[in-house]
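Examination of the molecular architecture
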Amino acid sequence: MNTFFQELGNTILERWKRENFSLEKFPELARAALDERPPAKKVKLPALMYDFLLGEDQPAQTDSEFGEPEIVVYSHPRFYIQLLFWMEGTTAIHQHEFSGAFHVLRGSSIHAHYDFDKVKPVTPHIRVGNVRLKEMELLETGRTVPIMSGQQTIHSLFHLDSPSITVVVRTQHDPGTGPQFNYMPPHVGFDPHYSDKLTMRRKQLLDILERTEDAGYVPLLLEMIADLDFERGFSILHHCMGYLQQLNQSEPVLRVFEKKHGALAGGVAATLKEDARRSYIKSLRTTIFEPEHRFFLALLINAPTRDDLFALVGQRFPGESPADVVLRWVGELAEVSEEGLAILDASFPRNSVVEIDAQPALFLRAFQYFMKREKKLPAVMRGLTAADVKDLKAAFAGSALGLLTA
Ligand SMILES: [Fe+2]
């Protein structure tokens, strides 16, 4: 048993008991205790790991799959303290059925806070409304943030260093605050732990049709979507969207869903499009390890506009021009492969007549021109036709970098 966390837990227990275990008081109480004796300064990580691996006197562990992994370091029937290790992980946008506080023990993260308003519950498991970014901040080692249960804390974390470690002081469970919805901006909230077993099996059967490239896949799906209720229809649509996009068939299926569900389905196309964009950027975490580039990915996922993104770059790199920092990263991320030149998923237009050797410099200069909203076409682009310029703009607009050139 780690003595630091044993003492921290006992201190919190004593103070909370004096407050009659008030749920409202717990987040602030946990935050204050973490800030008084910050684990980031006090905990010797190698000793903690050594003790956890060899000492038999450990608190009961959970079977939670949150964290990579999660380790419980203090446990009481009313609350517990856990360490969450993150190697590549980033969290979904989520809320909690518990309250307390978390503290960055090691590494740093981009923390995004959301609101969910104009909520229309469809079933107990899915609701539509507006998921809006409220605040985005850089959390450095040593920062502590309170967690409120339910819709008061809707957030996501994108960890910049590997491993990143957070300490969470949390209640066991705050009654009446479930389910722990996840959110898909801009319009959908759903319960990720709810499993409709028939729908789950139907998805698996559709996967078989996908893998066997069955010609009946799209007609069957169109029929299903025309018949299913909103909750199950959305779930199937979400599951199949990647393959439908590959087949260039997402639009007709979305139209059928919209026709079936009217105003309730109004935000679904935008939500699934945004989900595909975020999933793509998240997937890059397994191939991009440079911390500055990971920071850039986190911003591309979460920042609603170019200026929001620049503001956070400015915060992390004071004294440098945010636009110049972004241009440097974009240049470093440019790659030439057999398929041509690409920066993330922005590919140099295939029908271009520009010589291969000249493409990288032109592509980067065009990006700068669009991002900085320059008035005058740069010299290197003056030989291009209006259609070429439009194609270049479209290459960025439809990519993860679209936010910067909008
Ligand atoms: Fe959380």
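Residues numbered from 1 in each chain as written. Predicted model: local features only at pLDDT ≥ 70, side-chain atom pairs only at ≥ 80, totals over all residues. Heavy atoms only, no water.

**Here's the deal with the sheet that holds strand S2 (residues 79-86)**
The condition that has to hold: For two strands to pair, DSSP has to find at least two bridges joining them. Under the scheme used here, helices are H or I runs from DSSP no shorter than 4 residues and strands are E runs no shorter than 2 residues, and both carry numbers assigned from the N terminus. Axis geometry follows a simple rule: fit a line to the C-alpha atoms, using only the stretch in contact for helices, then measure angles between N-to-C directions, giving values from 0 to 180 degrees.
Taken in spatial order, the 5 strands make up an open sheet running S1-S2-S9-S4-S7, and their pairing is antiparallel. In the strand order of this sheet, the two ends are held by strand S1 (70-75) and strand S7 (144-147), each with one partner. Along the sheet, successive strands turn relative to each other by an average axial angle of 20°, direction set aside. In this structure, S2 lies alongside strand S9 (residues 164-171), joined through 8 bridges in antiparallel fashion. Across the sheet, residue leucine 84 finds its bridge partner in S9, namely threonine 166.

**Considerations on unusual backbone geometry**
Residue proline 163 is reached from serine 162 by a cis peptide bond, and omega for that bond is 0°. Considering the arrangement of structural elements, one finds proline 163 in the loop between strand S8 (150-159) and S9. A cis amide bond, omega -10°, links glycine 178 with the succeeding residue proline 179. You can see proline 179 is positioned in the loop between S9 and strand S10 (182-184). Even without glycine at this site, phenylalanine 21 takes up a positive phi of about 55°. Tracing the backbone through its elements, the reader meets phenylalanine 21 in the loop between helix H1 (3-18) and helix H2 (26-36). A positive phi angle is found at glutamate 213, which is not glycine, with a value near 50°.

**Topic: the sheet that holds strand S12 (residues 334-337)**
Worth spelling out the cut-off: Residue contacts are defined here by distance: any two heavy atoms, one from each residue, within 4.5 Å place the two residues in contact.
The antiparallel open sheet is built from 3 strands, whose spatial order is S12-S13-S14. The open sheet has two edge strands, S12 and strand S14 (346-347), and neither has a second partner. Of the strand pairs in this sheet, strand S13 (residues 340-343) and S14 are connected by 2 bridges, and their pairing is antiparallel. Bridge assignment links isoleucine 343 to a residue of S14, and that residue is alanine 346. Set on the sheet, helix H13 (residues 359-371) makes contact with S13 and S14; between it and S13 the angle comes to about 30°.

**What to know about the packing of aromatic side chains**
Put simply, the rule is: Ring pairs shown here join Phe, Tyr and Trp side chains whose ring centres sit within 6.5 Å, with only the six-membered ring taken for Trp; geometry is labelled stacked below 30 degrees between planes, edge-to-face above 60, and tilted in between. Only protein chains enter the accessibility calculation, which uses a 1.4 Å probe; a residue whose area is less than 20% of its type maximum is buried, one above 50% is exposed, and one in between is partly exposed. Consider the ring centre and the ring normal. A charge sits over the ring if Lys NZ or Arg CZ is within 6 Å of that centre and within 35 degrees of that normal.
Within this structure, the stated rule accounts for 21 aromatic pairs. Ring geometry for phenylalanine 66 and tryptophan 86: centres 5.3 Å apart, planes at 90°, overall edge-to-face. With phenylalanine 66 in the loop between helix H4 (45-54) and S1 and tryptophan 86 in strand S2, the pair connects residues that are 20 residues apart, well separated along the chain. Take phenylalanine 66: its relative accessible area is 36%, and that puts it in the partly exposed class. The exposure class of tryptophan 86 is buried, given its relative accessible area of 6%. Look at tyrosine 217 and tyrosine 243: their rings are 4.8 Å apart centre to centre, the planes differ by 85°, and that puts the pair in the edge-to-face class. Placement of tyrosine 217 in helix H6 (residues 217-227) and of tyrosine 243 in helix H7 (residues 230-246) is noted, with a sequence separation of 26 residues between them. An aromatic cluster of at least three residues, connected via ring pairs, comprises Phe348, Phe363, Phe367, Tyr369, Phe370 and Phe396. Across the ring face of phenylalanine 158, the terminal group of arginine 285 is positioned such that the distance to the ring centre comes to 4.5 Å. Over the ring of phenylalanine 295 we find arginine 316; its NZ or CZ atom is 4.9 Å from the centre of that ring.

**Notes on the packing of helix H5 (residues 197-211) against H6**
Inclusion rule: Angular relationships are summarised with four words: roughly parallel below 35 degrees, roughly antiparallel beyond 145, roughly perpendicular across 65 to 115, and oblique for the angles in between. Under the convention adopted here, Pro, Cys and the residues Ala, Val, Leu, Ile, Met, Phe, Trp and Tyr are nonpolar, Asp, Glu, Lys and Arg are charged, and Gly plus all remaining residues are polar.
Two elements in contact, H5 and H6, have axes whose closest approach is 10 Å; the angle formed by their N-to-C orientations is 155°. It follows that H5 is roughly antiparallel to H6 by the angle criterion. When H5 is examined against H6, the residues Arg202, Leu206, Leu209 and Glu210 are found in contact with a partner set consisting of Tyr217, Leu220, Leu221 and Met224. Of the residues contributing to the contact of H5 with H6, the split by class is 6 nonpolar, no polar and 2 charged.

**What about the pattern of salt bridges?**
Selection rule: Throughout this description, the term salt bridge denotes a Lys or Arg side-chain nitrogen within 4 Å of a carboxyl oxygen of Asp or Glu.
Taken as a whole and assessed by the stated rule, the structure comprises 19 salt bridges. Linking glutamate 7 and arginine 37 is a salt bridge whose minimum nitrogen-to-oxygen distance equals 3.4 Å. Of this pair, glutamate 7 sits in helix H1 while arginine 37 sits in the loop between H2 and helix H3 (39-42), placing them 30 residues apart in sequence. Arginine 37 sits in the partly exposed class, given a relative accessible area of 35%. Bridged by salt links that share partners, the residues Glu292, Glu320, Arg328 and Glu332 form one connected network.

**Here's the deal with the nonpolar core**
Keep this limit in mind: For our purposes a nonpolar core is just a set of buried Ala, Val, Leu, Ile, Met, Phe, Trp, Tyr and Cys residues, chained together by side-chain atoms within 4.5 Å.
In terms of nonpolar packing, the biggest core is built from 51 residues, with Leu309, Val326, Leu401 and Leu404 touching the most fellow members. Among the elements of the structure, strand S6 (126-139), helix H10 (291-302), helix H11 (306-316), helix H12 (322-333), S13, H13, helix H14 (386-397) and helix H15 (402-405) are those that each provide at least two residues to this core.

**With respect to the environment of alanine 112**
When you line up the elements, alanine 112 lands in strand S5 (residues 109-123). Sequence separation between alanine 112 and glutamate 70 is 42 residues, and the spatial gap between their C-alpha atoms is 21 Å. Excluding anything up to four places from it in sequence, alanine 112 contacts Leu133, Glu135, Met136, Ile154, His155, Ser156 and Asn302.

**As for the pairing of S9**
Taken across its 8 residues, S9 has 8 buried, putting it largely inside the fold. The alternating pattern of S9 places Ser164, Thr166, Val168 and Arg170 on one face and Ile165, Val167, Val169 and Thr171 on the opposite face, and all of these are buried. Looking at chain direction, strand S4 (residues 100-106) and S9 are connected through 6 bridges and run antiparallel. Along S9, the bridge assignment pairs histidine 103 with valine 167.

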